[in-house]
Every structure is written in structure tokens, then in C-alpha cells.
Amino acid sequence: QEYREPLGTRALRSILDVCREDTSVWSAKIIRRLHKSSSEWREYRGKGLTDETLASLLTTFGVKAKQIKVKGKNRRGYRIDDLRKAASKHHVTVQ
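Residues numbered from 1 in each chain as written. Predicted model: local features only at pLDDT ≥ 70, side-chain atom pairs only at ≥ 80, totals over all residues. Heavy atoms only, no water.

A. Structural view of the overall build of the protein. Check the secondary structure of the protein and you find 5 helices and 3 strands. Put simply, the protein runs from its N terminus to its C terminus through helices and strands in the order α-β-α-α-α-β-β-α. Over its C-alpha atoms the protein spans a radius of gyration of 13 Å, differing by no more than 12% from the 12 Å that the globule rule assigns to 95 residues. Each principal axis of the C-alpha atoms in the protein carries an extent, and together these give about 50 × 30 × 20 Å. The buried share of the protein, taken over its 95 residues, is 38%. For the protein, long-range pairs separated by at least 24 residues make up 53% of all intrachain contacts whose partners lie at least 6 apart in sequence. For the protein, the computed accessible surface area is about 6300 Å², with 47% contributed by carbon and sulfur atoms. Of the side-chain charges in the protein, 22 are positive and 11 negative, and the distance between the mean point of each set is 7 Å. (Helix = DSSP H or I, 4+ residues; strand = E, 2+ residues; numbered from the N terminus. Rg over C-alpha atoms; globule rule 2.2 N^0.38 Å. Buried < 20%, exposed > 50% of the residue type's maximum accessible area, 1.4 Å probe, protein only. Contact = heavy atoms within 4.5 Å. Areas by Shrake-Rupley, 256 points an atom, 1.4 Å probe, with all protein chains shown as cover. Lys, Arg positive; Asp, Glu negative; His and termini not counted. Charge placed at Lys NZ, Arg CZ, Asp CG, Glu CD.)

B. A look at helix 2 (residues 27-37). Those residues of helix 2 that sit buried are Ser27, Ile30, Ile31 and Leu34. Burial along helix 2 is one-sided: seen end-on, the buried residues are contained in an arc of 95°. Among the exposed residues of helix 2, those pointing more than 90 degrees away from its buried face are Arg32 and Lys36. Contacts from the buried residues of helix 2 go to helix 1 (7-18), strand 1 (24-26), helix 3 (39-42), helix 4 (51-59) and strand 3 (73-79). (Arc of directions from axis to C-beta.)

C. Focus on the environment of Arg42. Structurally, Arg42 can be placed in helix 3. Apart from the residues within four sequence positions on either side, Arg42 is in contact with His35, Lys36, Lys47 and Gly48.

D. Inspection of the environment of Ser56 at higher detail. Within the secondary structure, Ser56 is located in helix 4. Residue Ser56 is classed as partly exposed on the basis of its relative accessible area, which comes to 48%.

Right under this line is the structure:
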């Protein structure tokens, strides 16, 4: 039987991959990027990744969405540094 990484681990790695140039990103932008990058996220639970499912996957690592201000607009999202720290703490390798 083939080993398959936990879903949360794959999500965290994928987010860090598609957001490597950012310092903070809104949840909606992360989801759009993940949907473009992989059918796994486009087809997640039959309807694709949502804000709620993204938050649930990242809560596993102790990371919660925060108010992120980008170009004067405030929305829920994540600081990439928080995600990198979580990856390091939980030994999630990122390319």
C-alpha cells in the first residue's frame, strides 16, 4: 500500500509553493491559486476547497486566518511567515 501524506500536510506544502513570493495573502487568493495548481484542490470534496475547509486544514497546524490588509482592503487571510513557521515546527518540507 502506497503511503499518502495527510491532507493538511499536502495543503500546507501546496500553499507555501503557490504563495512563495508573498508576505500575506487573502484566503480567496490562496484558494484560486490552489485550484489552478492542482485538481486535488479543485475537486476537493466534490466542490473544491473553500474558506472553511482551508481554515480547517490549517487549524491542524495551529494557524488561523487573520485580517489581512492589501492595497487598502481588509479581508481574512494568512501571513506566509506564520505558515512557514508551522511547516518548520511540524517538519513539513517545502521545495
